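Coordinates in review
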Amino acid sequence: MGQDNGTAQPNKPAFWRAPRLYQITSLSTLLLYGLFWLHFDISVWQVAITLGVLN
C-alpha cells in the first residue's frame, strides 16, 4: 500500500500525456513530410486550413 521502492521514474511532459495531442502532432508531421519531401499535389493553403481546423 503506497510503498516507495526508492526509484524515481522520470515524468513525461504534460503535452505527451494527452493521446489526442500526440496524434495531432504525428499526423501534422506526416502531412508536412508529404507536402515538402514527397511533393504531394496539395496547396499550402489546404495544409494551413487542415492544421488550423485540428486545433
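Residues numbered from 1 in each chain as written. Predicted model: local features only at pLDDT ≥ 70, side-chain atom pairs only at ≥ 80, totals over all residues. Heavy atoms only, no water.

What follows deals with the overall build of the protein. On a plain count of helices and strands, the protein comes out with two helices and zero strands. Burial statistics for the protein: of 55 residues in total, 9% are counted as buried. Entry remark: accessible area of the protein is about 5,300 Å², with carbon and sulfur atoms responsible for 63%. (Helix = DSSP H or I, 4+ residues; strand = E, 2+ residues; numbered from the N terminus. Buried < 20%, exposed > 50% of the residue type's maximum accessible area, 1.4 Å probe, protein only. Areas by Shrake-Rupley, 256 points an atom, 1.4 Å probe, with all protein chains shown as cover.)

What follows is about the side chain of Ser28. Relative to the helices and strands, Ser28 is located in helix α1 (residues 19-36). Assessed through its relative accessible area of 13%, Ser28 is described here as buried. At a separation of 2.7 Å, a polar atom in the side chain of Ser28 contacts the main-chain carbonyl oxygen of Ile24. (Polar contact = N/O pair within 3.5 Å; in protein donor to acceptor, adjacent residues only side chain to side chain.)

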